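Letter by letter, the chains look like this.
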Amino acid sequence: MYGVLSFLYSAVLTRGMGNVTGDLGAMGDNSLIDSTFGHGNQSLLNLLLTGVATTNVFDLSKDVAGLTLIGVQKQNDIGFLTLLEALRYLKVGHFLKCPKFPIWVVGSESHLSLIFSRDMSLCVSDNTPFKTARTAFDSFDDEGNGFIPVTELPSCWKSWTWWWTLTTWSS
């Protein structure tokens, strides 16, 4: 009769009330339930997926005007994707996009879905040339809009060790 509520209590008590409160941070609401619509918010979803009730889905932490925002700290077993990223409201980090197992919770405007595959090759390792190049590119893309100044290209390429070695060796 109270299965969902018992599950919620179990997740919160397993993490510990003090830890959950600390995970939520100084900003915003200290609730795991959205006060407007009555559904679980991103902090609750992160608690259930990662074991930590952080409010953000990006990797590691970000400094925004002197305020440190905490994201997902390591690669997770189960991933998370959201329509809100396609709408450019947020950006899901690599740790949630590329989980250890090919299982993802997918968020839309009104509900969550679960997708999975038996193909483990969907879980790409962190040491691929694409991941290295994407990380380097993102470090020069200050606005997160997918563009960098042409003047930054040589610096960006130099940070792709495998590419820089290949092009300087062949010329």
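Caption draft 1: Structural context of the pattern of salt bridges. Counted under the stated rule, the structure contains three salt bridges. As a salt-bridge pair, Asp23 and Arg15 come within 2.8 Å of each other at their nearest N and O atoms. Among the residues examined, Asp23 registers a relative accessible area of 16% and is labelled buried. We classify Arg15 as partly exposed; its relative accessible area is 26%.

Caption draft 2: Structural view of the nonpolar core. Among the nonpolar cores identified, the biggest contains nine residues, and these are Leu45, Leu49, Val57, Val72, Phe80, Val92, Phe95, Leu96 and Val105. When contributions to this core are tallied by element, the ones reaching two or more residues are α3 (42-50) and α5 (94-97). Beyond its immediate chain neighbours, meaning those up to four positions away, Phe80 contacts Gln42, Leu45, Leu49, Val57, Val92, Leu96, Lys97, Trp104, Val105 and Gly107. Ala11, Val20, Leu32 and Leu47 belong to the second largest nonpolar core, which has eight residues in total.

Caption draft 3: Region of the structure containing a nonpolar patch on the surface. Together, Tyr2, Leu5, Tyr9, Leu13 and Met17 give the surface a local cluster of nonpolar side chains, amounting to about 580 Å² of exposed area. Take the nonpolar patch: its biggest share by element is three residues, from helix α1 (residues 3-15). Residue placement: Tyr9 occurs in helix α1.

Caption draft 4: Quick peek at the sheet that holds strand β4 (residues 103-107). Spatially, three strands are ordered β3-β4-β5 in an open sheet, and the strand pairing comes out mixed. Single-partner strands in this sheet number two, and they are β3 (79-82) and β5 (112-116). Adjacent strand axes in the sheet meet at a mean angle of 25 degrees, parallel and antiparallel pairs treated alike. Here five bridges tie β4 to β5, and the two strands are oriented antiparallel to one another. Opposite Val105, over in β5, you have Leu114 as the bridge partner.

Reading the values: the criteria
- Residues numbered from 1 in each chain as written.
- Predicted model: local features only at pLDDT ≥ 70, side-chain atom pairs only at ≥ 80, totals over all residues.
- Heavy atoms only, no water.
- Salt bridge = Lys/Arg side-chain N within 4 Å of Asp/Glu carboxyl O.
- Buried < 20%, exposed > 50% of the residue type's maximum accessible area, 1.4 Å probe, protein only.
- Core = buried A, V, L, I, M, F, W, Y, C linked by side-chain atoms within 4.5 Å.
- Helix = DSSP H or I, 4+ residues; strand = E, 2+ residues; numbered from the N terminus.
- Contact = heavy atoms within 4.5 Å.
- Patch = residues over 30% accessible without salt bridge, like charges linked within 9 Å, V, L, I, M, F, W, Y side chains within 5 Å.
- Areas by Shrake-Rupley, 256 points an atom, 1.4 Å probe, with all protein chains shown as cover.
- Pairing = 2+ DSSP bridges.
- Axes fitted to C-alpha atoms, helices over the stretch in contact; angles between N-to-C directions.

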